[in-house]
2 protein chains.
Amino acid sequence: MRLSRFHLHTTKETPADAELVSHKLMLRSGMVRKLASGLYGWSPLGLRVLRKVEAIVREEMNRAGAVELQLPTIQPKELWEESGRWTKFGDQLLKIRDRKDQEYCYSPTAEEAITDFARQELSSYKQLPVNFYQIQTKFRDEIRPRFGVMRSREFLMKDAYSFHLNDADLVREYENMKVAYSRIFTRLGLDFRMVQADSGAIGGDASQEFHVIADSGEDALVFSTGSDYAANMEAAVAADPGARPAPAEALRKVDTPVQKTCEDVAALLGISLQRTVKSVALMSEDGFVLALVRGDHEVNEIKLAKVPGLAGFRMAGEAEIVDHLGSEPGFLGPVQPRKGIRVVADRDVAAMADFVVGANEKGVHLAGVNWGRDLEEPEVADIRNVRAGDRARDGGELKIARGIEVGHVFQLGRTYSAALKATVLDENGKAAVMAMGCYGIGVSRIVAAAIEQNHDDAGILWPVAMAPWQAVVCVINPKRDAAVSDAADALLAEFQAAGIDAALDDRGLRPGAMFADMELIGIPHRIVVSERGLAAGTFEYRSRTAAESENLDRAAVLRRIVG
Amino acid sequence: MRLSRFHLHTTKETPADAELVSHKLMLRSGMVRKLASGLYGWSPLGLRVLRKVEAIVREEMNRAGAVELQLPTIQPKELWEESGRWTKFGDQLLKIRDRKDQEYCYSPTAEEAITDFARQELSSYKQLPVNFYQIQTKFRDEIRPRFGVMRSREFLMKDAYSFHLNDADLVREYENMKVAYSRIFTRLGLDFRMVQADSGAIGGDASQEFHVIADSGEDALVFSTGSDYAANMEAAVAADPGARPAPAEALRKVDTPVQKTCEDVAALLGISLQRTVKSVALMSEDGFVLALVRGDHEVNEIKLAKVPGLAGFRMAGEAEIVDHLGSEPGFLGPVQPRKGIRVVADRDVAAMADFVVGANEKGVHLAGVNWGRDLEEPEVADIRNVRAGDRARDGGELKIARGIEVGHVFQLGRTYSAALKATVLDENGKAAVMAMGCYGIGVSRIVAAAIEQNHDDAGILWPVAMAPWQAVVCVINPKRDAAVSDAADALLAEFQAAGIDAALDDRGLRPGAMFADMELIGIPHRIVVSERGLAAGTFEYRSRTAAESENLDRAAVLRRIVG
């Protein structure tokens, strides 16, 4: 590839609306161009990177025994009504009417379409197990598209769906996919972690996420020093608290005239924040609920929604709070003015004695509160976010890092296959609803995530497997000196013969501008061919991560690249 | 590839709603599955073929110097309004509203999006010429989707767009693309023809189409025996007619009480149909127009619309006809009852003498009509379809064949670049609107077109380059005899080492069912490994196009496949 014939168009300007470094660098390097909100075109440079990711994903999916197919991007409403997701998916589902006023959506994921395919194609257990995948454009109508291709509306996703006669086969394929995903992210050269996850809107029984570790990541990931335990914050669990101490204090009212937060109350009383309890008022389908977490903890809404009866909860409004507790927010608590209000306490709260809560009376809190004495024993659940430093179940300490979700594997079970009646005949000739797994990778998001993880002030630091080219041969004054130009051509040919994906920068730019471009677009290996170098029989080699260039002969350059 | 692990699912049933043989065979072989009207999923088998076509298209586009990128499928209304096509494109444009009530369309073609990309990326003549292409899903909301993927709504298209400082460069790239297209269709192994075309809704100055020759083709293609002249019926031109003979008859009325068609009038009068003239009444933007073609000819509406003032013509209604000519249809003619009606005569009509036309009077025609004597000399244009047997301009004879359009190249000129103000600075620092070419290939349609051209009663006859596998090794009783199974594995490995894309049919089917599958899905080379063959040191080889199998040794089999 000669860059004089390749459309490379970098810019020094940092786009005003780009917040993330990956978004800035993708625009500056010209990898993507915005067409409209959340809609990006991939330039020739960007597409080279995207295709390298796609190729590795495809190779490893094939190696793992999955079979590629392709489903339409536009899918009929009727199919999405069979699963109930036509309405349940919400506004992210881009709905479309055709010229005949029939309704469709742009596929944001393809459980329905693949299950429809499977119920037509699969009729016998002998055809199972099978894992179908596609690498196909998806669309999610994000309310606030941002961060470039990190959270665009149109994006490229690898989605795989496996079908099984029984759960044991599903678990086996789920494990197989986890291995394949680890191979994929390892080959891509990324620092990643697999973590336990909540299965969210897709539904199902078990799920794990793959994250690229990056400080700018939207997700908090929790690790233990005591084992390989790792989980998304949504799903992370700390160790059980110790036994509850015996009561030592009497129940008493304390005046807290303007102290509405646990922090303020603790400061006023001169006690640790850990002795206070935060009361969060909710409305569930069965009515008003008070959820309690320790003053220094945060409610985890995903966990809360898993408490029986709280699936569709929302925060209570002020009028509802006054109506049920007779007090304005800021002074709420579980020592109730009237009976019949459901109280759900976090495990840590249930293990407290002599704690402080609101008195359901303006300007007043209660101190020395004790379960079983001052109020009934509560319903107990894990409803808080873990924190760095918490004790892990394995005895280690929990640490928190930031990650960007790039993959997700689910044991779907029979949610979709039951809804769409996707059955096969089993060994006894009886119809059996198939068990399903699903396995997604955000192909276009990986490109942005890799940049978040790998960049410096000069630009991108591509892992070799994702780089647009592994190596670029830069020619100084290609038109002035035929010997230099010929030597560069020969070197390029030699690289290609050695299986190195290399390009020749024959654009005739000044060295400074040329080198700045190569650093910006993140080329791992730069080799300069110049008159002076040729006279000395050397090339100027520089690794993208090295501070200095080195003058090396041809063989040494090759060794540096092949490694 | 082992077919036991590949999802192959053929069926003997011929789908009721499939008319074309390609549609039937793609469904029977399981290559595609219908999701909804005009929406097809590609099964693993179908996708293998689609990807082979895609790969050849990509290789040849790259070889020709074009650069791949990818534009979003969803594009904003504002951009399509800049070109005027938001309304002009018509109902085939699938329009979409997002959650914020912004309007978009699903790209049916990408002139607007690429011109927007170009005006952002290209600023200097030094960046030209450049040819960008993508292989991307498109959507056209066909009013009557049919013939499977031949005319589906969602389809895969390769679309390329070139940008130039001047017309000479555009013409050069246009010729370059024609060469690339010929290479593509040649490599695909298809019988194809390049023909002159009308440039249609895309607009522009010159265009040619590439057709796969097939009896079922929707398009009539015209060839000359005298040269390599070839054109779509829309654009095909016959030789100029000879000089007009001198008048020999007097003008006279003839009674034609119920004879409304030229055929009936000619039969009544006992004259050749070629001496009659058909009068077609039109409404143009400037009013009523009478178009004349010879009784044995058909009007070509594309050509007619190119006559000055007739761009938006429609057929006149009966009331309009009576109003302007004072007669009901069936007896119309250019010998006018009143002045001021525009008459456009086909070249062949203008060369006639002593002809027969309607008298604009019920039950009456005029015979012995002559130009310049009985009526004014007409406005002359080529407004008819050519017919097989017509003399060509090159002196040869015109022949007609049927074709399926799979490619189209256009010299767009400055239609889009002027509308979107896509300029670069030229050598003198002046802003110049770029000249554009565009070049499309219907990637998914090629798959269906190839089947239309290459099939027999047993199924598909793939050209080798498009076959899902070049060769399949069929194992008889793989589980009964380990030696047979091992020999098949060894043969597969040998094929793969020789660069042959081969699969192993280890599904354990009966030979008859296995062979029927291989014939249906069109595998070019079938090799059977059996106990009996192994004992004799031979394999049973059969070419898909051969009537008989042959027993050959390993080396001979390889020679047959590699050719």
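Residues numbered from 1 in each chain as written. Chains lettered and ligands numbered in written order. Predicted model: local features only at pLDDT ≥ 70, side-chain atom pairs only at ≥ 80, totals over all residues. Heavy atoms only, no water.

### Side note on the overall build of chain A
- For chain A, the helix and strand inventory stands at 16 helices and 31 strands.
- Across its three principal directions, the C-alpha atoms of chain A cover 95 × 65 × 50 Å.
- Per-residue burial for chain A yields a buried fraction of 59% across its 563 residues.
- Here the analysis covers contacts within chain A between residues at least 6 apart in sequence; of these, 70% occur between residues at least 24 apart.
- Accessible surface, chain A as shown: approximately 22,600 Å² in total, 49% of it carbon and sulfur.
- The distance from the centre of the 70 positive side-chain charges to the centre of the 81 negative ones in chain A is 3 Å. (Helix = DSSP H or I, 4+ residues; strand = E, 2+ residues; numbered from the N terminus. Buried < 20%, exposed > 50% of the residue type's maximum accessible area, 1.4 Å probe, protein only. Contact = heavy atoms within 4.5 Å. Areas by Shrake-Rupley, 256 points an atom, 1.4 Å probe, with all protein chains shown as cover. Lys, Arg positive; Asp, Glu negative; His and termini not counted. Charge placed at Lys NZ, Arg CZ, Asp CG, Glu CD.)

### Section: the pairing of strand E18 (residues 355-361) of chain B
Residues and elements named next belong to chain B.
- With respect to burial, E18 is a largely interior element, 6 of its 7 residues being buried.
- With 4 bridges joining them, E18 and strand E19 (residues 364-369) adopt antiparallel strand pairing. Note that in E19 the partner of Glu361 across the bridge is Val364.
- As consecutive antiparallel partners, E18 and E19 are separated by 2 residues, and within that stretch Gly363 has a phi angle of approximately 80°, a positive value. (Pairing = 2+ DSSP bridges.)

### Description of the state of the cysteines
All names here are of chain A.
- One pass over the full model with this rule turns up 0 disulfides over all chains.
- No disulfide involves Cys105; its sulfur sits 16 Å from that of Cys438, the nearest cysteine.
- You can call Cys105 buried: its relative accessible area is 0%. (Disulfide = S-S within 2.5 Å.)

### Some details on the domain arrangement of chain A
Residues and elements named next belong to chain A.
- The domains assigned to chain A are domain 1 (21-237 + 400-452), domain 2 (252-381) and domain 3 (469-562).
- Distance from the C-alpha centre of domain 1 to the C-alpha centre of domain 3: 39 Å.
- The interface of domain 1 with domain 3 comprises 6 residues on the first partner and 4 residues on the second.
- Buried surface at the junction of domain 1 and domain 3, both sides included, amounts to about 500 Å², of which 62% is carbon and sulfur.
- Contact with domain 3 buries area across many residues of domain 1, yet Leu45, Arg48 and Lys52 alone supply 64% of it, more than any other trio.
- Where domain 1 packs against domain 3, one counts 2 salt bridges.
- When the shortest N-O distance is used, the salt bridge between Asp501 and Lys52 registers 2.4 Å.
- Inspection of the domain 1/domain 3 interface yields 2 residue pairs in polar contact (both at pLDDT 80 or more).
- Where the side of domain 1 that touches domain 3 is concerned, the elements lending two or more residues are helix H1 (21-28) and helix H2 (44-63).
- Sorting elements by how many residues they give to the side of domain 1 that touches domain 3 places H2 first, with 3 residues.
- When grouped by side-chain class, the residues that make up the side of domain 1 that touches domain 3 number 2 nonpolar, 1 polar and 3 charged. (Domains from an automatic or database assignment. Buried area = accessible area lost by both parts, 1.4 Å probe. Salt bridge = Lys/Arg side-chain N within 4 Å of Asp/Glu carboxyl O. Polar contact = N/O pair within 3.5 Å; in protein donor to acceptor, adjacent residues only side chain to side chain. Nonpolar A, V, L, I, M, F, W, Y, C, P; charged D, E, K, R; others polar.)

### Some words on the packing of aromatic side chains
- Per the stated rule, a full pass over the model turns up 23 aromatic pairs over all chains.
- Ring geometry for A:Tyr106 against A:Phe139: centres 5.4 Å apart, planes inclined by 40°, an arrangement best described as tilted. You can see A:Tyr106 sitting in strand E6 (residues 103-106) and its partner A:Phe139 sitting in strand E7 (residues 130-139), a full 33 residues away along the chain.
- On the basis of relative accessible area, A:Tyr106 is assigned to the buried category, the value being 0%.
- On the basis of relative accessibility, which here comes to 1%, the residue A:Phe139 falls in the buried class.
- One aromatic cluster is present, built from ring pairs that chain together A:Tyr106, A:Phe139, B:Tyr106 and B:Phe139.
- Over the aromatic face of A:Phe515 sits the side chain of A:Arg526, whose NZ or CZ is 3.9 Å from the ring centroid. (Phe/Tyr/Trp six-rings, centres within 6.5 Å; stacked < 30°, edge-to-face > 60°. Lys NZ or Arg CZ within 6 Å of the ring centre and 35° of its normal.)

### Points about helix H12 (residues 443-453) of chain A
- With 10 of 11 residues buried, H12(A) is to be regarded as a mostly interior element.
- Among the residues of H12(A), A:Val443, A:Ser444, A:Arg445, A:Ile446, A:Val447, A:Ala448, A:Ala449, A:Ala450, A:Ile451 and A:Glu452 are the ones counted as buried.

### Comments concerning the interface of chain A and chain B
- Counting residues at the interface gives 56 residues for chain A and 56 residues for chain B.
- Approximately 4,700 Å² of surface area, both sides summed, lies buried where chain A meets chain B, with 56% of it carried by carbon and sulfur atoms.
- On the chain A side of the contact with chain B, A:His7, A:Leu35 and A:Arg99 bury the most area, a combined 16% of that side's loss.
- Across the pair A:Arg51 and B:Glu68 runs a salt bridge whose closest N-O atoms are separated by 2.9 Å.
- Connecting chain A to chain B are 24 residue pairs in polar contact (both at pLDDT 80 or more).
- With 5 residues, E7(A) is the largest single contributor of residues to the side of chain A that touches chain B.
- Grouping the amino acids of the side of chain A that touches chain B by side-chain chemistry returns 26 nonpolar, 12 polar and 18 charged.

### Quick notes on the sheet that holds strand E5 (residues 94-97) of chain A
All names here are of chain A.
- Across the sheet, 3 strands lie side by side as E4-E6-E5; this open sheet has antiparallel pairing. In this open sheet, the two edge strands, each paired with only one partner strand, are strand E4 (74-76) and E5. Pairwise comparison of adjacent strand axes, ignoring direction, gives a mean angle of 40° for this sheet.
- Of the strand pairs in this sheet, E4 and E6 are connected by 3 bridges, and their pairing is antiparallel. (Axes fitted to C-alpha atoms, helices over the stretch in contact; angles between N-to-C directions.)

### Some thoughts on the relation of the copies chain A and chain B
- Once chain A is rotated about the relating axis by 180° and shifted along it by 0.1 Å, it coincides with chain B to within an RMSD of 0.2 Å. Given the turn and translation reported, the copies of this chain are related as if by a two-fold rotation axis. When C-alpha positions in chain A are compared against the rotation axis, the closest is assigned to A:Ile96, at 2.8 Å.
- In this assembly, 100% of the residues forming the interface of chain A have copies in chain B that are likewise at the interface, indicating an isologous arrangement. (Least-squares fit on C-alpha atoms with pLDDT ≥ 70 in both.)

### Section: the environment of A:Arg146
All names here are of chain A.
- Here Arg146 lies in the loop between E7 and strand E8 (154-164).
- For Arg146, a relative accessible area of 22% puts it in the partly exposed group.
- For the pair Arg146 and Gly38, spaced 108 residues apart in the sequence, the C-alpha separation amounts to 6.7 Å.
- When sequence neighbours within four positions are dropped, the list of residues in contact with Arg146 reads Arg151, Ser152 and Glu218.

### Quick look at the pattern of salt bridges
- Tallied over the entire structure, the rule returns 117 salt bridges over all chains.
- Salt-bridge contacts for A:Arg544 lead to A:Asp456; the nearest nitrogen and oxygen are separated by 2.8 Å. Of the two residues, A:Arg544 is situated in the loop between strand E30 (539-543) and strand E31 (550-552) and A:Asp456 in strand E25 (residues 455-456); the sequence distance between them amounts to 88 residues.
- Across the salt bridge formed by B:Arg51 and B:Glu54, the nearest N and O atoms sit 3.1 Å from each other. On the criterion of helical spacing, the pair formed by B:Arg51 and B:Glu54 is a turn pair, its members being 3 residues apart in helix H2 (residues 44-63).
- You can call B:Glu54 buried: its relative accessible area is 9%.
- Salt bridges sharing common partners tie together A:Arg51, A:Glu54, A:Arg58, A:Glu68, B:Arg51, B:Glu54, B:Arg58 and B:Glu68.

### Considering the packing of H2(A) against H12(A)
Residue and element names in this part refer to chain A.
- Taken N-terminus to C-terminus, the directions of H2 and H12 make an angle of 115°; their axes are 9 Å apart at the nearest point. With respect to H12, the element H2 is oriented roughly perpendicular. Judged by the twist between their axes, the crossing of H2 over H12 is right-handed. Where H2 approaches H12, its residues Val49, Leu50, Val53 and Glu54 are matched on the opposing element by Val443, Ser444, Ile446 and Val447.
- Here the residues of the contact of H2 with H12 are counted per class, giving 6 nonpolar, 1 polar and 1 charged. (Parallel < 35°, antiparallel > 145°, perpendicular 65-115°, else oblique. Left-handed = near helix turned anticlockwise from the far one by under 90°.)

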